[in-house]
Amino acid sequence: MKVHSAEASLTAEQHHLYEAARSASENAYAPYSNFRVGAALKTTRGREFMGCNVENASYGLTCCAERSAVFAAVAAEGPNMRIEAIAVYADSPNGSPCGACRQVLYEFGPHARVTFRADGELRSYQVADLLPASFELKL
Ligand code: THU
């Protein structure tokens, strides 16, 4: 997998989104796992949207921070919303987006950059590199 950049060479915007994701994590509803996650994304139109994980007593209904942010962005900008960049924050050495969220990110931004902490270090990847052979609906 191609690593775009190590922490020192992340752009100012990637750092900004990561800090916004950290703020968003403060709104997480995570009484079951106590694992609070935040996401901040920038659309290709230049708007920013936040998301946090929202858990449920019926555990499987939980929505991750990344999908919360993507769905908020689609609700605001409509079906042509496209992701330019997204950052994910978790109070953990590893805040990597789960597989389900990678598929959702791919839908709206296969070339978007994703910033998160991996092995304790802030890194940035392209969505397509995080999800090789993504599902595409071809009839
Ligand atoms: N979680 C996210 O918000 N994003 C991910 O990519 C992985 C996991 C949340 C779901 C759940 O509320 C908590 O983290 C523990 O799995």
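Residues numbered from 1 in each chain as written. Predicted model: local features only at pLDDT ≥ 70, side-chain atom pairs only at ≥ 80, totals over all residues. Heavy atoms only, no water.

### Side note on the packing of aromatic side chains
Part 1 of the argument: For the coordinates displayed, the defined rule picks out three aromatic pairs.
Part 2 of the argument: Their ring planes at 65° and their centres at 5.6 Å tell us that Y18 and Y89 sit as a pair that is edge-to-face. A residue pair is termed long-range when its members are at least 10 positions apart, and Y18 in helix α1 (residues 12-25) and Y89 in strand β3 (residues 83-90) qualify at 71 residues.
Part 3 of the argument: Judged by relative accessible area, Y18 falls into the buried class, the value being 3%.
Part 4 of the argument: On the basis of relative accessibility, which here comes to 11%, the residue Y89 falls in the buried class.
Part 5 of the argument: The interplanar angle of 15° and the centroid separation of 5.2 Å between the aromatic rings of F116 and Y125 together place this pair among those described as stacked.
Part 6 of the argument: With a relative accessible area of 8%, Y125 lands in the buried category. (Phe/Tyr/Trp six-rings, centres within 6.5 Å; stacked < 30°, edge-to-face > 60°. Helix = DSSP H or I, 4+ residues; strand = E, 2+ residues; numbered from the N terminus. Buried < 20%, exposed > 50% of the residue type's maximum accessible area, 1.4 Å probe, protein only.)

### Some words on the sheet that holds strand β4 (residues 113-118)
Part 1 of the argument: As summarised here, the arrangement of the five strands in space is β2-β1-β3-β4-β5, forming an open sheet in which the pairing is mixed. Both edges of this open sheet fall to β2 (48-52) and β5 (121-126), since each of them pairs with a single strand only. Direction aside, neighbouring strands of the sheet carry axes that sit 20° apart on average.
Part 2 of the argument: Where β4 meets β5, six bridges bridge the pair, whose relative direction is antiparallel. Each bridged residue has a counterpart across the sheet, and for R117 the counterpart in β5 is L122.
Part 3 of the argument: Along the sheet face, α1 touches β1 (37-43), β2, β3, β4 and β5 and points at about 50° away from the line of β3. (Pairing = 2+ DSSP bridges. Axes fitted to C-alpha atoms, helices over the stretch in contact; angles between N-to-C directions. Contact = heavy atoms within 4.5 Å.)

### Overview of unusual backbone geometry
Part 1 of the argument: The backbone of N34 shows a phi angle near 55°, a positive value even though the residue is not glycine.
Part 2 of the argument: Along the polypeptide, N34 turns up in the loop between α1 and β1.

### Observations concerning the pattern of salt bridges
As a working rule, side chains carrying opposite charge can pair if their charged atoms are close by.
Part 1 of the argument: Within the structure shown, the criterion is met by six salt bridges.
Part 2 of the argument: Between K42 and E84 there is a salt bridge, with its nearest N and O atoms 3.6 Å apart. Of this pair, K42 sits in strand β1 while E84 sits in strand β3, and the two are 42 residues apart along the sequence.
Part 3 of the argument: A relative accessible area of 16% places K42 in the buried class. (Salt bridge = Lys/Arg side-chain N within 4 Å of Asp/Glu carboxyl O.)

### Some words on the site of the ligand
Part 1 of the argument: In the vicinity of the ligand, the contacting residues are S33, F35, V37, N53, E55, T62, C64, A65, E66, S96, P97 and C98.
Part 2 of the argument: The separation between an oxygen atom of the ligand and a polar main-chain atom of A65 is 2.9 Å.
Part 3 of the argument: Considered on its own, the ligand offers 370 Å² of accessible surface; in the complex 77% of this is hidden by protein.
Part 4 of the argument: A molecule is said to occupy a pocket when more than half its atoms come within 2 Å of that pocket's grid points, and by this definition the ligand occupies the largest pocket.
Part 5 of the argument: Broken down by class, the residue content of the shell around the ligand amounts to six nonpolar, four polar and two charged. (Near = heavy atom within 4 Å. Polar contact = N/O pair within 3.5 Å; in protein donor to acceptor, adjacent residues only side chain to side chain. Areas by Shrake-Rupley, 256 points an atom, 1.4 Å probe, with all protein chains shown as cover. 1 Å grid on protein atoms, 1.4 Å probe; cavity = no way out; pocket = protein on both sides within 12 Å on 5 of 7 lines; lining within 4 Å. Sits in = over half its atoms within 2 Å of the grid points. Nonpolar A, V, L, I, M, F, W, Y, C, P; charged D, E, K, R; others polar.)

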